[in-house]
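# Commentary on secondary and tertiary structure
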Amino acid sequence: MLPKASPLTIAAAIDFGGTKVAVGFIDIAGGVLASTQFATPDGGPAEVAKSAAKALRTLSRRLELNLVSLAGIGAAVPGLADKANGVLRFAPTQGWRDVPFAAMLSDAVGLPAAIGNDVNVSAMAEHRYGVARNCSNFLWITISTGIGGALVLNGRLFEGPRSLAGELGHMAVAVAGPRCGCGHAGCLQAVASGTAIRTAAIERGLTVTGGREVFELASNGDPRAVEIIDAVHFHIGLALSHAVNLLDLDMIVIGGGVAGSLDITKLAKEVLAHVITLPEHTPAVVRTTLRSEAALIGAGLLAFSRREDFAE
């Protein structure tokens, strides 16, 4: 049971990904009161909404929360999100297009619902509650199964007129490199994501099931793994330097499953090798302080942001 608090200071949140769905309750200070996760169900978006609602109801009973009296529900979704209309325009992993996911959630849970791209809401959360809370110009980059980016400029999330801004994963950094899932060759995602690291390792004869094992082999001195991981740091650093030079950023925040394995000092050196700096300023390269909960916290922030008394 939670200490007594106004229900309007608590929001329900969903972080919906290709392999798992995390649900939980977020307070207005950005704290995760409780959360749980389960494998992403088959059966389409309605089944995801139904399963998330069921998990939230179970969790709310455990906490003695009246679910339908909360501030609302927010969802971080893996794709292009039309926030204004609550429509998931395109989810590449699932192949879904033009799904009214906010309405589905609202019907399933009984709360007003909002959705946002998972990388963008992670950046929002970090800006309000995390390491970037005093930073007005930064790039968030998620390095996981794929690579995504989000921009905060002049203190506000910048999504672009078609919500396509920040797609750092599809910046070409190795023109002669492997083909990306987007159809182009040499994208950062094709050479430095967790998926790309695993693929490169298998092609070199290493027996691995995921990218983390490649980092471990590199730390133990395996020359094939060292070559792969050196290239990962180089390509990520190169892409980040382009973003800094283009936008005059103060900070780069790194999240996602691969973030914990990266050598931040080495990565910062790669960035600084290619950026224009002044004696009084060099861009900071840091890990998220919200860690794996950034998207869930950002989803809660979406729900709170619907309220007039909750400034951005």
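Residues numbered from 1 in each chain as written. Predicted model: local features only at pLDDT ≥ 70, side-chain atom pairs only at ≥ 80, totals over all residues. Heavy atoms only, no water.

Regarding its fold elements, the protein presents nine helices and 13 strands. For 312 residues, the compact-globule formula gives about 20 Å, and the C-alpha radius of gyration of the protein, at 20 Å, lands near that figure. Along the first, second and third principal axes, the C-alpha atoms of the protein reach 55 × 45 × 35 Å. Looking at the protein as a whole, 51% of its 312 residues are labelled buried. Here the contacts in the protein between residues at least 6 apart in sequence split such that 61% fall between residues at least 24 apart. When the accessible area of the protein is evaluated, it comes to approximately 14,500 Å², of which 52% is carbon and sulfur surface. If you average the places of the 25 positive and of the 27 negative side-chain charges in the protein, the two averages end up 5 Å apart. (Helix = DSSP H or I, 4+ residues; strand = E, 2+ residues; numbered from the N terminus. Rg over C-alpha atoms; globule rule 2.2 N^0.38 Å. Buried < 20%, exposed > 50% of the residue type's maximum accessible area, 1.4 Å probe, protein only. Contact = heavy atoms within 4.5 Å. Areas by Shrake-Rupley, 256 points an atom, 1.4 Å probe, with all protein chains shown as cover. Lys, Arg positive; Asp, Glu negative; His and termini not counted. Charge placed at Lys NZ, Arg CZ, Asp CG, Glu CD.)

Another point: the sheet that holds strand β4 (residues 73-77). Within the open sheet, the five strands sit side by side as β3-β2-β1-β4-β8. Their pairing is mixed. Either end of the sheet is taken by a strand with one partner, and the two such strands are β3 (32-39) and β8 (113-117). Going from strand to strand, the sheet's axes swing by 20° on average, the running direction of each strand aside. Here strand β2 (residues 20-27) runs beside β3; their pairing, made up of seven bridges, is antiparallel. (Pairing = 2+ DSSP bridges. Axes fitted to C-alpha atoms, helices over the stretch in contact; angles between N-to-C directions.)

Another point: the packing of aromatic side chains. Tallied over the entire structure, the rule returns two aromatic pairs. Aromatic side chains F16 and F101 sit 5.7 Å apart centroid to centroid with 35° between the ring planes, which places their arrangement in the tilted category. In this pair, F16 sits in strand β1 (residues 10-16) while F101 sits in helix α2 (residues 101-109), placing the two residues 85 residues apart along the sequence. Ring pairing ties together the aromatic residues F16, W96 and F101, which thus form one cluster. Its guanidinium or amino end placed over the ring of F90, R97 lies 4.0 Å from that ring's centre, counting from NZ or CZ. (Phe/Tyr/Trp six-rings, centres within 6.5 Å; stacked < 30°, edge-to-face > 60°. Lys NZ or Arg CZ within 6 Å of the ring centre and 35° of its normal.)

Within the structure shown, the criterion is met by six salt bridges. K20 serves as the salt-bridge partner of D15, at 4.0 Å between the closest nitrogen and oxygen. According to the relative accessible area criterion, D15 is buried, its value standing at 10%. Between D98 and R89 there is a salt bridge, and its shortest N-O distance comes to 3.2 Å. (Salt bridge = Lys/Arg side-chain N within 4 Å of Asp/Glu carboxyl O.)

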